[in-house]
There are 2 protein chains.
Amino acid sequence: MSITVVGSVAYDSVETPAGRYERKLAGAATYFSLAASFFTDVRVIAVVGEDFGPEQEAVFKARNIDTRGIEHTAGKSFFWEGSYLENLNEAETRNTELNVFASFEPKIPDAYRDSDFLFLANIDPVLQRRVREAMPGVKLVAGDTMNYWIKDHRPALLEVLKGLDILLINDTEARMLAGNNNLVQAARAVIALGPHSLVVKHGEYGATLFHESTPKGKKAELRTFKAPALPLQEVIDPTGAGDSFAGGFFGYLASQPEQTPTAWRHAMFYGSVMGSYACERFGTERLQQISRPEIDARFNVFRELTHLD
Amino acid sequence: MSITVVGSVAYDSVETPAGRYERKLAGAATYFSLAASFFTDVRVIAVVGEDFGPEQEAVFKARNIDTRGIEHTAGKSFFWEGSYLENLNEAETRNTELNVFASFEPKIPDAYRDSDFLFLANIDPVLQRRVREAMPGVKLVAGDTMNYWIKDHRPALLEVLKGLDILLINDTEARMLAGNNNLVQAARAVIALGPHSLVVKHGEYGATLFHESTPKGKKAELRTFKAPALPLQEVIDPTGAGDSFAGGFFGYLASQPEQTPTAWRHAMFYGSVMGSYACERFGTERLQQISRPEIDARFNVFRELTHLD
């Protein structure tokens, strides 16, 4: 089943202990799409400026990603500059230029309307909600957000959460959103806000799925499942690892005939696999090079990493 | 096979968000022994003061732990006071009184000399080395240490590492010991110092085993295995969780006829199980109450937590 994703297609300048790069193609929707494209059809909704040309378009086309929903407009694309020199687990933002994103009005191509899966990448919750409401027929909706929206745009974000099945955020965001430092209690609080499932990304420590399940005739219970992260000999660039996790996770789920508990578990592992690839080269480089057989081989490495027998 | 452990038998006063307690029986060797006692015979070497009486002795006896190596001397037992109010993952030390520990000269009872396993809990590396050298016949030696010894007693610690098979430390300690922030590179560096295996404890994110293996005729390779931590609804008191992990891990290994890769993997999970129990009540309370069937039931919860199929 196909996924529609709305989010940023952007340029990043990034400095890490391994080096730096200037204005490379990036953005949450880009990382997400590339990662998800190994599992299912992906359709992007975004806005770009005149600096987005055939070379960038080709990155999406090479992965058969539908770009009809990428609006081209006058001006420059969204730009982010960050550094991981101090801490590989958390970026220090040096500069953000919204540019064409400042007046982004997501438009959904008719050809996208039969998508069964919708991913709302980290953008203004007002826009997330608008896209969610414009696609009432989708079967499964996942989304991301960040500290800025949690702190300063809470009412709009709470409206988005009501329309989500799955929220994917990191530890700090989960604790901040719930106002609770205990992750299990925070997960319960987040799930009470709307989504039945919460994926908490722990960076180099993997990710935890909290899933509210109500067995027939029983009280709702919180189930958990953990995916490890791959111990990497060198983290070249952690930018986009979380979006790539989301792409692997949601892309795999969308590729399955049914969302069984086993499919969810495998999806968590595929999320971790795609997150690990994102870190191995600068920007989206590695995601542009890998193949599905490589992904499945690494999936088996992850299995080895945690399996007892 | 039986384990001899040398380390602190002490009193702790601890404050956590869940409450506080004054001068409860504690110490690394106590937590380790209790946890390991569910798997194998344990023998303790320590020193205590006049405040250690029949009530404390009974805690060990109830778990069939051999206390003939606990030396009773004039004065007070080692005392530690700490707080987890700021951070449940790391204690803030408020007070340390070495007391009888200041002049501790470990004495090994003859009855301990046939132990096949030796655990050197976190004490002065000079003492760890002395015990190691006094028991040349042991088959497997594991040990712990802490930032204080890594920073200010490095030469003595390096001598200890040469005699260890397994070092169990936390993330910060591993990075500090290796002088390298990348955990995989840090693991290689630590393994180059002596132990063939390094267990890095990540607190609420579980633990990673790095193990150098040299398949016949091949180059040495670093293998990794990850054990999750149990997502706990409430962490009452994290004191001793790392020592309990070590006890579960090493105790299980000692209970196995052979140290196969599967035994090591199970040992990592049993370590996590015992660490999770330690956090559930104040001090050693929970470790005093549990039973082996409960431990095995929780082991299966851990399996569910990470297993794909």
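Criteria and cut-off values
Residues numbered from 1 in each chain as written. Chains lettered and ligands numbered in written order. Predicted model: local features only at pLDDT ≥ 70, side-chain atom pairs only at ≥ 80, totals over all residues. Heavy atoms only, no water. Helix = DSSP H or I, 4+ residues; strand = E, 2+ residues; numbered from the N terminus. Rg over C-alpha atoms; globule rule 2.2 N^0.38 Å. Buried < 20%, exposed > 50% of the residue type's maximum accessible area, 1.4 Å probe, protein only. Contact = heavy atoms within 4.5 Å. Areas by Shrake-Rupley, 256 points an atom, 1.4 Å probe, with all protein chains shown as cover. Buried area = accessible area lost by both parts, 1.4 Å probe. Salt bridge = Lys/Arg side-chain N within 4 Å of Asp/Glu carboxyl O. Pairing = 2+ DSSP bridges. Axes fitted to C-alpha atoms, helices over the stretch in contact; angles between N-to-C directions. Polar contact = N/O pair within 3.5 Å; in protein donor to acceptor, adjacent residues only side chain to side chain. Least-squares fit on C-alpha atoms with pLDDT ≥ 70 in both.

### So, the overall build of chain A
Right, on to step 1. The helix and strand inventory of chain A stands at 11 helices and 13 strands.
Right, on to step 2. For 309 residues, the compact-globule formula gives about 19 Å, and the C-alpha radius of gyration of chain A, at 18 Å, lands near that figure.
Right, on to step 3. Residue burial in chain A is summarised as follows: out of 309 residues, 58% are buried.
Right, on to step 4. Counting contacts in chain A only where the partners sit at least 6 residues apart, residues at least 24 apart contribute 63% of the total.
Right, on to step 5. Taken as a whole, chain A presents about 12300 Å² of accessible surface, with 48% of it coming from carbon and sulfur.

### Quick word on helix α6 (residues 171–178) of chain B
All names here are of chain B.
Right, on to step 1. Within α6 the residues assigned to the buried category are Asp171, Glu173, Ala174, Arg175 and Leu177.
Right, on to step 2. Contacts from the buried residues of α6 go to α4 (147–152), α5 (154–162), β10 (166–170), α7 (183–191) and β11 (197–201).
Right, on to step 3. Of the residues trailing α6, glycine 179 is marked for its positive phi of about 65°.

### Examining the interface of chain B and chain A
Right, on to step 1. Each partner contributes to the interface: chain B provides 32 residues, whereas chain A provides 32 residues.
Right, on to step 2. Buried surface at the junction of chain B and chain A, summed over both partners, amounts to about 3000 Å²; 48% is from carbon and sulfur atoms.
Right, on to step 3. The largest contributions to the chain B side of the interface with chain A come from Tyr205(B), Lys226(B) and Leu308(B), which together make up 27% of the buried area.
Right, on to step 4. Across the contact surface, chain B and chain A share 6 salt bridges.

### Some points on the sheet that holds strand β12 (residues 207–213) of chain B
To summarise the sheet geometry, strands pair through backbone hydrogen bonds and adopt either a parallel or an antiparallel arrangement.
Residues and elements named next belong to chain B.
Right, on to step 1. Strands sit in the order β5-β4-β1-β8-β9-β10-β11-β12-β13 across an open sheet of 9 strands; the sheet is mixed. Looking at the sheet topology across the chains shown, the edges are occupied by β5 (66–72) and β13 (221–227). Going from strand to strand, the sheet's axes swing by 15° on average, the running direction of each strand aside.
Right, on to step 2. Across the sheet, helix α1 (residues 28–36) lies against β1 (3–6), β4 (42–48) and β8 (117–120), angled at about 165° from β1, the strand it touches most.
Right, on to step 3. The sheet strands contacting helix α9 (residues 261–278) are β10, β11, β12 and β13, and the helix crosses β13 at an angle near 40°.

### Comments concerning the side chain of Arg286(B)
Residue and element names in this part refer to chain B.
Right, on to step 1. Inspection of the secondary structure assignment puts arginine 286 in helix α10 (residues 285–289).
Right, on to step 2. Looking at arginine 286, its side chain comes within polar contact range of the side chain of glutamate 294, at 3.4 Å.
Right, on to step 3. Those residues within four positions of arginine 286 in sequence are excluded, and the remaining contacts are Tyr277, Glu280, Arg281 and Glu294.

### Structural notes on the pairing of strand β2 (residues 10–16) of chain A
Residues and elements named next belong to chain A.
Right, on to step 1. In terms of burial, β2 is a largely internal element, 7 of the 7 residues being buried.
Right, on to step 2. Burial along β2 is two-sided: the residues Ala10, Asp12, Val14 and Thr16 and Tyr11, Ser13 and Glu15 are all buried.
Right, on to step 3. Bridge count between β2 and strand β3 (residues 19–26): 6 bridges; the pairing is antiparallel. For tyrosine 11, the partnering residue across the bridge sits in β3 and is leucine 25.
Right, on to step 4. The loop that links β2 with its antiparallel partner β3 comprises 2 residues.

### Quick word on the relation of the copies chain B and chain A
Right, on to step 1. Taken as rigid bodies, chain B and chain A are interconverted by a rotation of 180° and an axial shift of 0.0 Å, the fit giving an RMSD of 0.0 Å. As the rotation angle and translation indicate, the two copies are arranged about a two-fold axis.

### As for the side chain of Thr239(B)
All names here are of chain B.
Right, on to step 1. Summarising the element assignment, threonine 239 is placed in the loop between β13 and α8 (241–255).
Right, on to step 2. Residue threonine 239 is classed as buried on the basis of its relative accessible area, which comes to 6%.
Right, on to step 3. A distance of 2.6 Å separates the side chain of threonine 239 from the side chain of aspartate 237, its partner in a polar contact.

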